[in-house]
Amino acid sequence: MPPAAPAATRLVIHADDVGMNHGANRAFIELSRFGTITAGSVMVPCPWFSEIAEAAAGDDSLDCGVHLTLNSEMTHYRWGPITRPGASSGLLDSDGYLWPDVASVRRHAHPDAVEAEWRAQVERAQAAGIDVTHLDTHMGSALAPEWCDRYVALGIELQVPALITGALSAYGPMNHLAGAGHGPFREAVAEARSAGMPVFDEVLETDFKRPRDQPADYEAMLGGLDTDLVYCAFHPNAPGGAEIEVIEPAKFHVRTDEYELFGTTQWKEWLGSRPLTLTTMRELREVWRTPDS
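What counts, and at which threshold
- Residues numbered from 1 in each chain as written.
- Predicted model: local features only at pLDDT ≥ 70, side-chain atom pairs only at ≥ 80, totals over all residues.
- Heavy atoms only, no water.
- Buried < 20%, exposed > 50% of the residue type's maximum accessible area, 1.4 Å probe, protein only.
- Helix = DSSP H or I, 4+ residues; strand = E, 2+ residues; numbered from the N terminus.
- Arc of directions from axis to C-beta.
- Contact = heavy atoms within 4.5 Å.
- Axes fitted to C-alpha atoms, helices over the stretch in contact; angles between N-to-C directions.
- Left-handed = near helix turned anticlockwise from the far one by under 90°.
- Nonpolar A, V, L, I, M, F, W, Y, C, P; charged D, E, K, R; others polar.
- Pairing = 2+ DSSP bridges.
- Core = buried A, V, L, I, M, F, W, Y, C linked by side-chain atoms within 4.5 Å.

*Asks:* Describe helix H5 (residues 148–158), naming the residues involved and giving the relevant values.
*Replies:* In an α-helix there are 3.6 residues to a turn, and that puts residues three or four apart on one side. Every buried residue belonging to H5 is among Cys148, Tyr151, Val152, Leu154 and Gly155, and all of these are buried. Projection of H5 onto a plane perpendicular to its axis shows the buried side chains occupying an angular sector of 155°, all on one side. Where the residues of H5 are buried, they touch strand E3 (64–68), helix H4 (111–127), strand E4 (132–137), helix H6 (183–194) and helix H11 (281–289). Where H5 terminates, the next one or two residues include Gln159, which has phi positive at roughly 60°.

See the structure below:
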């Protein structure tokens, strides 16, 4: 008998940074309805949260999680925590915003304050009518060894998947976790597996280092996948109004290029031609909640 054909990779094509600005919200809504984005997650502390919360509460087809946010990394477009913590929390930089980089959060933040902020973000999303399908983490901060156990425990408590990979090296945005020890991460993975939570084989991320004159090759990124469960942490953003162009002048092209590509029929047809099964975080959540179904 010929060998069995390899199973199709289950692929979550995810829009990160929803709620950061209007263009991110527009991209998430349009591309979700078009069928080339299967899930997204909202940054609750950001200025455009209320817009996407209203849209998600009114449209059950939008698969929306919470992009747990401990960082405010833009130069002049900043946000703070929603828990209104004092200086002793370690969540605030000298200007009263969230820290611009993960290393600073790790140096200063108290784990209790981190967990309180996460819980407040989830609760605000739920109160706004969002069916929170999953948790993930802005700039990878929730996977830091100081509190990754709390991150997984929160997902288990809420019965929503907390994005995690079997190995830290398989997590694309790990560049923000330089020097992080792997021991606590391995323990968190073991806890996730013990609870039956889905654990991803790989997280791919938008290449923010791509120069403006170099075209992106997403077919190469997704064309050779050979693992079971893969998550794409992409960042599509609709252009216009000098919005993202002003917020992130050196890198906005990466986000707007994704939006333009993912909205084409050619890209949608290419995805359909590959041995890929597009899935949502809501589907993974429901399978986890009803394992015998």
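*Asks:* I'd like to hear about the side chain of Gln121, residue by residue, with values.
*Replies:* Inspection of the secondary structure assignment puts Gln121 in helix H4. Judged by its relative accessible area of 0%, Gln121 falls in the buried class. Discounting residues that sit within four places of it in the chain, Gln121 has contacts with Val44, Pro45, Val66, His67, Leu68, Thr69 and Ile82.

*Asks:* Tell me what's going on with the packing of H4 against H5, and back it up with residues and numbers.
*Replies:* One way to put it is that H4 packs onto H5 with a least axis distance of 11 Å and a crossing angle of 35°. In the packing of H4 onto H5, the handedness of the crossing is right-handed. Contacts between H4 and H5 involve Pro111, Asp112, Glu115, Trp118, Arg119 and Val122 on the former and, on the latter, Arg150, Tyr151, Leu154, Glu157 and Leu158. Here the contact of H4 with H5 is composed, by residue class, of six nonpolar, no polar and five charged.

*Asks:* Describe H11, listing the residues and the values that go with them.
*Replies:* All of the buried residues in H11 are Met281, Arg282, Leu284, Arg285 and Trp288. Around the axis of H11, the buried residues are gathered within 160° of arc, so they sit on the same side. On the buried face of H11, the contacting elements are strand E1 (9–18), strand E2 (39–42), E4, H5 and strand E6 (229–234).

*Asks:* Kindly report on the pairing of E4, identifying the contributing residues and their values.
*Replies:* In terms of burial, E4 is largely enclosed, as six of its six residues are buried. For E3 and E4, the ladder comprises four bridges, and the chain directions are parallel. Note on E4: the bridge partner recorded for Leu68 is Thr137.

*Asks:* So what about the nonpolar core? Which residues, and what values?
*Replies:* Core analysis: the biggest nonpolar cluster contains 93 residues, and Trp118, Ile130, Leu135, Tyr151, Ile164 and Leu222 have the highest contact counts within it. If we ignore the near neighbours within four places in the chain, the residues touching Ile164 are Leu143, Val152, Phe185, Ala188, Val189, Ala192, Val199 and Phe200.

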